[in-house]
Amino acid sequence: VQLVDSGGGLVQAGGSLRLSCVASGRTFGSYGMGWFRQAPGKERECVAAITRSGGTTYYADSVKGRFTISRDNAKNTVYLQMNSLKPEDTAVYYCAARPTILTYYNYYRPYEYNYWGQGTQVTVSS
């Protein structure tokens, strides 16, 4: 599967952005999906993940209550709605796909995901 991220940009603190990730292929609904981010000099971290059906979501503590992950399997698309953005949210954001079950124990590990988007830059100014 190929993933194409979009929606990043420059926004002031307190603002909002919505990231999108479109997947190729007919089996999107069989993939668990995650959004990761990586800031300069830092490790890649998972900010949110969603199961194949969309029935379960997971969030990093740092974004709970501000970010929302969702998916539309008919459109082969996963979204990340980001509200109340902070300067510390500045990073390159990547979507990722995992062809097997996402659980609480594996959703946050980058090596659990097989496919990655190219990344989209999010910059939050203070």
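Structure first, text after, so check above.
Presented here is an overview of the structure given in this document.

1. Topic: the overall build of the protein
Along the protein, the regular secondary structure elements total zero helices and 11 strands. Seen in sequence order, the protein has helices and strands lined up from the N terminus as β-β-β-β-β-β-β-β-β-β-β. Taking 14 Å as the expected radius of gyration for a compact globule of 126 residues, we find that the protein reaches 13 Å, a close match to that expectation. When its C-alpha atoms are laid out on the principal axes, the protein stretches across 40 × 30 × 25 Å. Split into buried and exposed, the 126 residues of the protein put 45% on the buried side. Of the roughly 6,400 Å² that the protein leaves accessible, carbon and sulfur atoms contribute 48%. Between the mean site of the 13 positive side-chain charges and the mean site of the 8 negative ones, the protein shows a separation of 6 Å.

2. Remarks on the pattern of salt bridges
Scanning the model with the defined rule gives six salt bridges in all. Between Asp61 and Lys64 there is a salt bridge, and its shortest N-O distance comes to 3.2 Å. Shared partners join several salt bridges into a network, and the residues in it are Arg37, Glu45, Arg66 and Asp89.

3. Things to note about the state of the cysteines
This structure, assessed with the given rule, holds one disulfide. Across the disulfide from Cys21 sits Cys95; the S-S distance is 2.0 Å. On the sign convention where negative is left-handed, the bridge of Cys21 and Cys95, at about 45° about the S-S bond, is right-handed. Of this pair, Cys21 sits in strand S3 (residues 17–23) while Cys95 sits in strand S9 (residues 91–98), and the two are 74 residues apart along the sequence. Classification of Cys95 as buried rests on a relative accessible area of 0%. Free of any disulfide, Cys46 has its nearest cysteine sulfur in Cys95, 12 Å distant.

4. Focus: the side chain of Asp89
Tracing the sequence through the fold places Asp89 in the loop between strand S8 (77–82) and S9. In terms of polar contacts, Asp89 uses its side chain to reach the side chain of Arg66, at 2.7 Å. What Asp89 contacts, discounting residues up to four positions off in sequence, is Arg37, Arg66, Phe67, Ser84, Val122 and Val124.

5. Notes on the packing of aromatic side chains
Per the counting criterion, the structure on display carries eight aromatic pairs. With centroids separated by 5.5 Å and ring planes inclined at 80°, the aromatic side chains of Tyr107 and Tyr108 adopt a geometry described as edge-to-face. Following the ring pairs from residue to residue traces out a cluster consisting of Phe36, Tyr94, Tyr113 and Trp116. Note that Arg44 overlies the ring of Tyr94, its terminal NZ or CZ placed 3.9 Å from the centroid.

Parameters and conventions
- Residues numbered from 1 in each chain as written.
- Predicted model: local features only at pLDDT ≥ 70, side-chain atom pairs only at ≥ 80, totals over all residues.
- Heavy atoms only, no water.
- Helix = DSSP H or I, 4+ residues; strand = E, 2+ residues; numbered from the N terminus.
- Rg over C-alpha atoms; globule rule 2.2 N^0.38 Å.
- Buried < 20%, exposed > 50% of the residue type's maximum accessible area, 1.4 Å probe, protein only.
- Areas by Shrake-Rupley, 256 points an atom, 1.4 Å probe, with all protein chains shown as cover.
- Lys, Arg positive; Asp, Glu negative; His and termini not counted.
- Charge placed at Lys NZ, Arg CZ, Asp CG, Glu CD.
- Salt bridge = Lys/Arg side-chain N within 4 Å of Asp/Glu carboxyl O.
- Disulfide = S-S within 2.5 Å.
- Polar contact = N/O pair within 3.5 Å; in protein donor to acceptor, adjacent residues only side chain to side chain.
- Contact = heavy atoms within 4.5 Å.
- Phe/Tyr/Trp six-rings, centres within 6.5 Å; stacked < 30°, edge-to-face > 60°.
- Lys NZ or Arg CZ within 6 Å of the ring centre and 35° of its normal.

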